[in-house]
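Report on the structure
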Amino acid sequence: MVGSTLAAETFGSVTVVHVPEELAGEQARVFCQAVLALPQRRIVLDLDRTELLDSAGLTAILELGQQLRTAGGELKIATADVTNRKILEITRMDQQFEVFPTVLDAVRSFRHEGL
């Protein structure tokens, strides 16, 4: 991620951010800052292509979610990847954030909330 651009798409007032293959170490902090620099505050993190998610990556996601909530936004996670879903369950991050099997489901969930 360092030195590369953030892969993101906007659907109305929701931005889908495609998390890189590795979200670890210093890269996790840089990624978090890049997401916070986006103008939208309704964010879906797409973890389907993420193969390495360490404690720094998980901490960055938690901090990102807290900062978005403070700014009046919300963070949701989309992943069909069995390993990533298990990591979210084991760390109980699935209790901190809504986790959806697809990006489309996560984006649609914002509309159902009337946001």
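Everything below is about the structure shown above.
Anyway, here's the lowdown on the structure attached to this text. Per chain, the residues get numbers from 1 upward, laid out in the order the sequence is written. It should be noted that, the model being predicted, local features are given only for residues of pLDDT at least 70 and side-chain atom pairs only at 80 or more, the latter also being counted only at that level, while totals for whole chains, interfaces and linings use all residues. Hydrogens and waters are ignored; side-chain quantities use all the structure's heavy atoms.

**Quick word on the nonpolar core**
Spelled out, the test is: Definition of nonpolar core: a set of buried residues of the types Ala, Val, Leu, Ile, Met, Phe, Trp, Tyr and Cys, connected through side-chain atoms within 4.5 Å. Note on exposure labels: buried denotes an accessible area under 20% of the residue type's maximum, exposed denotes more than 50%, and partly exposed covers the range between, all computed with a 1.4 Å probe on protein chains only. Labels follow the DSSP assignment, with helices taken as runs of H or I lasting at least four residues and strands as runs of E lasting at least two, numbered in each case from the N terminus. Only heavy atoms matter for contacts: two residues are in contact if any of them lie within 4.5 Å across the pair.
By size, the foremost hydrophobic cluster in this structure holds 22 residues, and its most contacted members are Ile43, Leu45, Ile61 and Leu75. For this core, the secondary structure elements donating two or more residues are α1 (25-36), β4 (42-46), α2 (55-70) and β6 (74-78). In terms of residues, this core owes the most to one element, α2, which gives five residues. Those residues in contact with Ile43, other than ones at most four positions away along the chain, are Thr15, Val17, Val35, Leu38, Leu68, Glu74, Leu75, Lys76 and Phe110. Ranked by size, the runner-up nonpolar core spans eight residues in total, among them Val14, Val16, Ala78 and Phe110.

**Structural notes on the pairing of β4**
Inclusion rule: Here, any two strands with at least 2 DSSP bridges between them count as paired.
With four of five residues buried, β4 lies mostly within the body of the structure. Summarising the sheet, strand β2 (residues 14-18) and β4 pair through five bridges and their orientation is parallel. Paired with Thr15 across the two strands is Ile43, which belongs to β4. As judged from the five bridges shared by β4 and β6, these two strands associate in the parallel manner.

**Examining the pairing of strand β1 (residues 8-11)**
Successive side chains on a regular strand alternate, one facing one side of the sheet and the next facing the other. Sheet topology note: the β1/β2 ladder contains four bridges and is antiparallel. Each bridged residue has a counterpart across the sheet, and for Ala8 the counterpart in β2 is Val17. As consecutive antiparallel partners, β1 and β2 are separated by two residues, and within that stretch Gly12 has a phi angle of approximately 65°, a positive value.

**A few points about the pattern of salt bridges**
The condition that has to hold: Counted as salt bridges are all cases of a side-chain nitrogen of Lys or Arg within 4 Å of a carboxyl oxygen of Asp or Glu.
Tallied over the full model, the rule gives three salt bridges. With a closest N to O distance of 3.9 Å, Lys86 and Glu89 form a salt bridge. Within this pair, Lys86 and its partner Glu89 are both found in helix α3 (residues 82-90), separated by three residues, close to a single helical turn. Looking at Lys86, the relative accessible area reads 46%, which means it is partly exposed.

Honestly, that's just the spatial picture; any functional story needs more than this.
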